[in-house]
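Each chain is listed here by its residues.
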Amino acid sequence: MATSVAGEGQQSLNWIISDHQTKKLTDLPTELLEHILCFPVLKHLDICNVSCCCKRLHDVCHGRGKVWGHQYKLRWPRLQRFYRQNECCDWLREYKTRHRVGIQIRGTVESISKRFFTEVPCVGQVLGDSFAEIESLGMPEHFCEDELLFILNSDKRKSLTLKYYAKKILYFLRQQNILRSLKTFLEQPAEQQSALEGAILVDQYCNPLADITLNNISAQLDEIAEKVKKMLRIKNPSHPSLRITQGDCFVVEDLELQRQVVCALNSVLYEQLQYKGNEFDFYNPLNSYIHQVLLRRTGIPISLSVLYMTLARNLGVQVEPVNFPNHFLLRWCQKQRGSEDIYDYVYIDAFGKGKQLTAKECEYLIGHQVTADYYSAISTTEVLLRMVGNLLNIGKRGEGNEKSYQLLRDSLDLYLTINPDNVQYLLLQARLYFHLGIWPEKVLDILQHIQALDPSQHGAVGYLVQHTLEHIQHKKHPVTPEVKKRSVSEHLEVQYSVGLIMKHKRSGYNCVIYGWDPKCTMSQEWITTMRVHQLSNGANQPFYNVLVQDGTCRYAAQENLEPHSAPLEIGHPEVGRYFSEFADTHYFANEELQTRYPEDMVETLCTVQELYHRLTPGTGNQDQALATDQNNHRAMPM
């Protein structure tokens with residue numbers, strides 16, 4: 001009996017095995033195969049290989065199917081916002097296009113350092129013609145931007161040079177888009193132009209890498225408006241402003257009801273939320289950027305006025321911008337709307353916590369009399385010109401560093417987009433570009449435009465044309481950069497090398513060396529001004545070019561520098577121009593810097609080994625560590 005049962009069990013098992021062996025992967029339902037092939041561990045190459053196995057799997061992996069859609073979304077999640085949900089799309093074609101764009105973008109970015117290392121000025125401005133290749137790719141723009149973001153978000157301490165130029169290109173591409181949006185905005189009828197939208201475009205152009213959107217800013221203002229309505233509801237539950245919904249163009253006609261809105265707005269904005277004018281740091285450009293005003297709850301008269309005016313109008317009270325000298329104001333009509341009499345208006349000082357002024361009190365505010373023209377309402381375009389003009393003046397007041405030059409360039413671009421025939425600012429733009437040594441071809445175009453607008457400028461134009469043409473000729477015959485070898489006899493006194501993180505003995509700042517001279521090469525005027533003669537070795541000692549933690553570039557004497565006891569990353573915007581990687585104790589020079597200082601990297605590694613690694617217990621074989629470090633950076637010439 002037992003034998004019979006055992007025999008039947010074995011027969012059943014054999015049948016199951018036999019049946020199982022007849023089943024193949026391709027026999028599974030399509031939905032299940034798609035589910036398997038969408039497993040996260042599988043990459044695009046795996047899917048390509050699977051689709052080549054047989055017709056069945058090739059059909060499952062078709063371009064418009066779930067498998068390639070999953071691969072696309074998995075690899076480039078930021079691009080999903082450009083597609084509608086459940087959109088039928090040739091995902092394989094999209095994948096190939098995005099992949100090809102990535103290769104081209106990366107190749108272009110990698111080539112920029114080699115071509116422009118010697119030409120980019122000290123302040124880090126990037127030559128405009130370096131971006132022509134990006135625009136000429138003819139690929140979807142969001143693909144280009146996504147690849148640049150992918151580069152920027154990769155390993156924080158590596159590929160610093162690649163990230164440096166990727167950031168420059170992304171900055172430029174986004175600014176080009178914002179300029180196009182601004183031109184479209186300016187083409188709208190004046191009554192359809194929103195001062196808030198224009199101010200946001202200015203903000204976006206000056207901060208193209210920040211996440212600033214009209215929707216986000218509007219949502220924050222809606223939250224403030226709801227707080228005002230809540231206060232209004234307590235004082236007057238039947239107030240008509242409470243019935244206003246987003247997008248309504250309702251205007252409260254009754255003056256007393258308007259006063260209730262203004263009173264509630266002042267209470268919420270200045271008492272509850274503590275908004276205020278920035279009297280102590282008035283010339284900080286952040287005061288002009290709407291997203292920063294909302295974040296920091298402080299600003300200057302014009303930025304606070306734009307917020308105040310937008311909130312008041314959203315609540316049914318019509319206030320208008322007034323281009324008052326030295327202090328931007330708003331006016332609120334107390335009589336028949338459209339009155340030309342300046343005494344029919346109350347003037348609101350958004351910088352002064354919403355204080356209401358008469359026409360005469362406005363003059364006390366600035367300390368002198370003005371004509372009636374200054375009390376008139378102005379257009380949105382004029383508001384933007386005033387706002388950009390403020391940024392221009394801040395840029396002019398700058399210290400001549402990269403940030404002030406960038407602000408000056410950005411504000412000039414904006415001003416000349418709004419008012420393209422302003423000869424004064426066209427000439428300033430040409431001089432700025434000439435001074436920075438960038439875009440000589442564009443300088444000639446600007447000068448030609450100036451000459452056509454105002455022939456009386458021929459003197460200034462002629463001078464700049466002559467020197468710009470000389471600069472173009474110089475570019476055609478680039479000078480071979482000087483190569484500095486430590487082994488040369490006149491360089492033997494140079495103690496430190498590029499990539500070392502140092503501390504200034506007197507000033508206490510942290511920095512990284514990116515160049516050196518065996519003796520001070522600055523002018524006699526600089527040597528006198530900086531009191532170099534007071535140093536024990538004077539100008540007759542090695543001097544080092546250093547990138548400082550505070551964002552400045554300095555020229556420091558050897559006797560004033562010492563290796564940092566606890567090396568740390570230097571947060572300078574130009575680090576990526578010179579270095580490819582931060583390695584905990586030092587920076588690795590990129591190929592271009594190594595070409596100039598071919599023996600420095602070995603010296604840096606030896607110095608780091610002696611200063612830091614030998615002091616650390618349990619670090620293992622130090623010679624092996626040094627050899628490994630050198631092998632990891634074969635690119636450097638020995």
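The following refers to the structure shown. Just so we're clear, the structure is a prediction, and the values are computed from it rather than from any experiment.

## Things to note about the nonpolar core
Tyr72, Val109, Leu148, Leu182 and Ile450 are the most contacted members of the largest nonpolar core, which has 71 residues in total. At twelve residues, helix H9 (residues 160-186) tops the list of elements feeding residues into this core. Sequence-distant contacts of Tyr72, defined by excluding residues within four places in its chain, comprise Leu79, Gln80, Tyr83, Trp91, Glu94, Tyr95, Arg98 and Phe143. Formed by 47 residues, the second largest nonpolar core is a distinct cluster that contains Ile224, Val306, Leu315 and Phe328.

## Focus on the side chain of His572
Along the polypeptide, His572 turns up in the loop between strand S11 (561-563) and helix H22 (575-578). Residue class for His572 comes out buried when judged on its relative accessible area of 7%. When residues no more than four places from it in sequence are discounted, the contact partners of His572 are Leu547, Val548, Gly551, Thr552 and Cys553.

## Details of the sheet that holds strand S4 (residues 329-333)
With antiparallel pairing, the four strands of this open sheet are ordered in space as S3-S4-S5-S6. On the outer flanks of this sheet lie strand S3 (319-322) and strand S6 (355-357), each paired with one strand and no other. Recorded for the sheet is a direction-independent mean angle of 35° between the axes of neighbouring strands. The sheet contact formed by S3 and S4 spans four bridges and is antiparallel. Note that in S4 the partner of Pro321 across the bridge is Leu330. Strand contacts of helix H12 (residues 255-272): S4 and S6, with the helix running at about 155° to S4, the strand carrying the most contacts. Helix H14 (residues 301-314) contacts S3, S4 and strand S5 (345-349) of the sheet and is inclined by roughly 160° relative to S3.

## Section: H14
The first and last C-alpha atoms of H14 sit 20 Å apart over 14 residues, in line with the 20 Å expected at 1.5 Å per residue. In terms of burial, H14 is a largely internal element, twelve of the 14 residues being buried. All of the buried residues along H14 are Pro301, Ile302, Ser303, Leu304, Ser305, Val306, Leu307, Tyr308, Met309, Thr310, Leu311 and Ala312.

## Structural notes on the packing of aromatic side chains
All chains considered together, the criterion is met by 21 aromatic pairs. Measuring from centroid to centroid gives 5.8 Å for Trp526 and Tyr555, while their planes differ by 65°, and the two rings are edge-to-face. In this pair, Trp526 sits in helix H21 (residues 524-529) while Tyr555 sits in strand S10 (residues 553-557), placing the two residues 29 residues apart along the sequence. On the basis of an interplanar angle of 40° and a centroid distance of 5.3 Å, the ring pair of Phe579 and Tyr587 is categorised as tilted. According to the relative accessible area criterion, Tyr587 is buried, its value standing at 1%. Grouped by ring-pair contacts, the aromatic residues Trp68, Tyr72, Trp76, Tyr83, Trp91 and Tyr95 constitute a single cluster. Taking the ring centre of Tyr345 as reference, the NZ or CZ of Arg331 above it sits at 3.9 Å. A cation sits over an aromatic face here: Arg397 above Tyr283, 3.7 Å from the ring centre.

## So, the pairing of strand S8 (residues 510-517)
Among the eight residues that make up S8, eight are buried, leaving the element largely enclosed by the rest of the structure. Where strand S7 (residues 501-504) and S8 come together, three bridges link them in antiparallel fashion. Across the sheet, Lys503 pairs through a bridge with Asn510, a residue of S8. Between S7 and the antiparallel strand that follows it, S8, lie five residues; Gly508 among them carries a positive phi value of about 80°. Sheet topology places S8 next to strand S9 (residues 543-548); six bridges connect them, and they run antiparallel. The residue bridging Asp517 from the neighbouring strand is Phe543, located in S9.

## Looking at the pattern of salt bridges
The tally for this structure, following the rule as stated, stands at 16 salt bridges. The residue Glu226 makes a salt bridge to Lys229 at a minimum N-O spacing of 3.9 Å. Of this pair, Glu226 and Lys229 both sit in helix H11 (residues 214-235), three residues apart, which is roughly one turn of that helix. Owing to a relative accessible area of 9%, Lys229 belongs among the buried residues under this scheme. In this structure, Lys360 and Glu363 form a salt bridge, with 3.4 Å as the shortest nitrogen-oxygen distance. Of this pair, Lys360 and Glu363 both sit in helix H15 (residues 359-366), three residues apart, roughly one helical turn. A residue is classified by how much of its surface remains accessible, and Lys360, at 40% relative accessible area, is partly exposed. What makes Glu363 buried here is its relative accessible area of 11%. A network of salt bridges, in which partner residues are shared, links Arg78, Arg98, Arg106, Asp146 and Glu147.

About the thresholds
- Residues numbered from 1 in each chain as written.
- Predicted model: local features only at pLDDT ≥ 70, side-chain atom pairs only at ≥ 80, totals over all residues.
- Heavy atoms only, no water.
- Core = buried A, V, L, I, M, F, W, Y, C linked by side-chain atoms within 4.5 Å.
- Buried < 20%, exposed > 50% of the residue type's maximum accessible area, 1.4 Å probe, protein only.
- Helix = DSSP H or I, 4+ residues; strand = E, 2+ residues; numbered from the N terminus.
- Contact = heavy atoms within 4.5 Å.
- Pairing = 2+ DSSP bridges.
- Axes fitted to C-alpha atoms, helices over the stretch in contact; angles between N-to-C directions.
- Expected span 1.5 Å × (residues − 1).
- Phe/Tyr/Trp six-rings, centres within 6.5 Å; stacked < 30°, edge-to-face > 60°.
- Lys NZ or Arg CZ within 6 Å of the ring centre and 35° of its normal.
- Salt bridge = Lys/Arg side-chain N within 4 Å of Asp/Glu carboxyl O.

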